[in-house]
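Letter by letter, the chains look like this.
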Amino acid sequence: MYMQLTISPEVQDALNARHPVVALESTLITHGLPYPTSVETALAMEAAVRESGAVPATIAILEGVIRVGLSSDEIDRLAQMPVGTVRKCSRRDFPLVVGLKQHGATTVAGTMIVAHLAGIKVFATGGIGGVHRGHPQDVSADLIELGRTPVAVVCSGAKSILDLPLTLEVLETQGVPVIGVGTDTLPAFYTASSGLPLDARIETPDEAAQVIAAAHTLDLKQGLLFTVPVPAADELPEAVAEAAIQQATREADEQGVSGKDVTPFVLRRVAEITEGQSKHANITLLVNNARVAGQIAAALSRLP
Ligand code: PSU
Ligand code: MN
């Protein structure tokens, strides 16, 4: 796929100088969090990347132009756009948004595509998409993109709105290693552990960097998934998370919500049902993942 990118001067300078850069997605800003939490969190993630010694590159499509590195004002404008005016962009959406000069918010899949084209190797987010509970035919494009695009994604696993065992199976089929950072089990976003065992564990950013460097040397083309648990003090009680998720997914089914609308619908309902209890966990893990991704990118740029 050939795409024309507009890279901010700061990000371009960092890439030219081989300084660490971390990509950040925009769907969590437009479809994942309510305003103004969305913009506050996006800016806090950028700050956390900087504190780790890396340059943040928030990725989105504005009036059909694929942008790598947004200003704070642009992030704020994006966050304030009415939901219906910004397309949620995975691989299939790029020709539409670019061709028709629309606004687009990139998902994990979409952000991986752009990050790779820009030469950015590390990307931080909250949770990836997966296989939906009760709808095993609804497989997020994130899983397929992880199988074909060589970017390291740092996240807190996936929300248990998803069928996590099936999600791990698809990642295995796609050839994606799932690596616990200081954990043996798959984090479940709001809660530190799903109880599902992972077959790889590392402890330090340097180890992560070695794995990423090996992946690029081997040139097998797949992505890597590094999973970081939500910090213990900010975990949501599992019973609270589970009850909210069950109610939200039931409502989605009852209301006939389908396709790309399912995840934003469930995210919004879970936040409403837990009345902001989830908000704190959500923000903390996003900022923590941005910090860890910055450390990994910094470690990567120190390798010979
Ligand atoms: N999970 C979250 N928060 C999010 C998303 C997922 O906890 O904001 C967003 C990400 O952008 C992810 C996308 O790539 O939803 C997945 O959507 P779908 O399930 O439609 O593939
Ligand atoms: Mn889906």
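The preceding data block contains the structure.
These notes cover the structure that comes with them. (Residues numbered from 1 in each chain as written. Chains lettered and ligands numbered in written order. Predicted model: local features only at pLDDT ≥ 70, side-chain atom pairs only at ≥ 80, totals over all residues. Heavy atoms only, no water.)

Taken as a whole and judged by the stated rule, the model has one aromatic pair. Taking 5.0 Å as the distance between ring centres and 90 degrees as the angle between the ring planes, the aromatic pair formed by Phe-189 and Tyr-190 counts as edge-to-face. Looking at Tyr-190, the relative accessible area reads 3%, which means it is buried. Note that Lys-159 overlies the ring of Phe-189, its terminal NZ or CZ placed 3.8 Å from the centroid. (Phe/Tyr/Trp six-rings, centres within 6.5 Å; stacked < 30°, edge-to-face > 60°. Buried < 20%, exposed > 50% of the residue type's maximum accessible area, 1.4 Å probe, protein only. Lys NZ or Arg CZ within 6 Å of the ring centre and 35° of its normal.)

Here strand E6 (residues 103-106) shows no split at all, with His-103 and Ala-105 on one side and Gly-104 and Thr-106 on the other all buried. The pairing of strand E3 (residues 55-62) with E6 spans two bridges and is classified as antiparallel. Counterpart to Ala-60 in the pairing with E6 is Ala-105. Bridging between strand E5 (residues 86-89) and E6 involves four bridges; their strand directions are parallel. Along E6, the bridge assignment pairs Val-86 with His-103. Following the backbone out of E5, through helix H5 (residues 94-99) and into the adjacent parallel E6, one traces a crossover that is right-handed. (Helix = DSSP H or I, 4+ residues; strand = E, 2+ residues; numbered from the N terminus. Pairing = 2+ DSSP bridges. Right-handed = clockwise from strand over helix to strand, strands pointing away.)

A separate point is unusual backbone geometry. Outside of glycine, negative phi angles account for most residues, and trans bonds account for most peptide bonds. For the bond from Tyr-35 to Pro-36, the omega torsion is 5 degrees, close enough to zero to count as cis. Tracing the backbone through its elements, the reader meets Pro-36 in the loop between helix H2 (27-32) and helix H3 (37-51). Unusually for a residue other than glycine, Asp-219 sits at a positive phi of about 55 degrees. In this fold, Asp-219 is placed in the loop between helix H9 (205-218) and strand E13 (224-227).

This paragraph deals with the packing of H3 against helix H4 (residues 72-80). Between H3 and H4, the least distance of the axes is 9 Å, while the angle of their chain directions is 150 degrees. It follows from the interaxial angle that H3 and H4 lie roughly antiparallel. At the point where H3 passes H4, the crossing takes the right-handed sense. From H3, Ser-38, Val-39, Ala-42, Leu-43 and Glu-46 reach across to H4, where they touch Ser-72, Ile-75, Asp-76 and Ala-79. Classifying every residue of the contact of H3 with H4 by side-chain character gives five nonpolar, two polar and two charged. (Axes fitted to C-alpha atoms, helices over the stretch in contact; angles between N-to-C directions. Parallel < 35°, antiparallel > 145°, perpendicular 65-115°, else oblique. Left-handed = near helix turned anticlockwise from the far one by under 90°. Contact = heavy atoms within 4.5 Å. Nonpolar A, V, L, I, M, F, W, Y, C, P; charged D, E, K, R; others polar.)

Surrounding ligand 1, one finds 15 residues, the nearest of these being Glu-25, Ser-140, Asp-142, Lys-159 and Thr-263. Between ligand 1 and Asp-142, the relevant distance is 2.7 Å, taken from an oxygen atom to a side-chain nitrogen or oxygen of the residue. Between ligand 1 and Thr-263, the relevant distance is 2.6 Å, taken from an oxygen atom to a side-chain nitrogen or oxygen of the residue. With the chains in place, 92% of the 470 Å² that ligand 1 exposes on its own is no longer accessible. Among the elements of the structure, H2 and helix H11 (262-273) are those that each provide at least two residues to the shell around ligand 1. With three residues, H2 is the largest single contributor of residues to the shell around ligand 1. (Near = heavy atom within 4 Å. Polar contact = N/O pair within 3.5 Å; in protein donor to acceptor, adjacent residues only side chain to side chain. Areas by Shrake-Rupley, 256 points an atom, 1.4 Å probe, with all protein chains shown as cover.)

Those residues of helix H1 (residues 9-16) that sit buried are Val-11, Ala-14 and Leu-15. Down the axis of H1, the buried set is contained in an arc of 100 degrees. They therefore lie on one face. Those residues of H1 that are exposed and angled more than 90 degrees off the buried face are Pro-9, Asp-13 and Asn-16. Backbone geometry just downstream of H1 places Arg-18 in the positive-phi region, at approximately 60 degrees. (Arc of directions from axis to C-beta.)

The next thing to look at is the side chain of Glu-25. Within the fold, Glu-25 resides in the loop between strand E2 (21-24) and H2. Here Glu-25 sits buried without a salt bridge, and the closest side chain of opposite charge, Lys-88, lies 8.8 Å off (N-O distance). Within the local environment of Glu-25, its side chain forms a polar contact with the backbone nitrogen of Leu-28, the two atoms lying 3.2 Å apart. Leave out the neighbours within four places in its chain, and Glu-25 touches Thr-58, Ile-59, Thr-106, Thr-107, Val-108, Thr-111, Phe-123, Ala-124 and Thr-125. (Lys, Arg positive; Asp, Glu negative; His and termini not counted. Salt bridge = Lys/Arg side-chain N within 4 Å of Asp/Glu carboxyl O.)

Evaluated as defined, the whole model comprises 14 salt bridges. Two residues, Arg-87 and Asp-93, come together in a salt bridge whose shortest N-O distance is 3.0 Å. Residue Arg-92 is joined to Asp-93 by a salt bridge in which the shortest nitrogen-to-oxygen separation is 3.6 Å. A relative accessible area of 2% means that Asp-93 is categorised as buried. Taken together, the shared-partner salt bridges connect Arg-87, Arg-92, Asp-93 and Lys-260 into one network.

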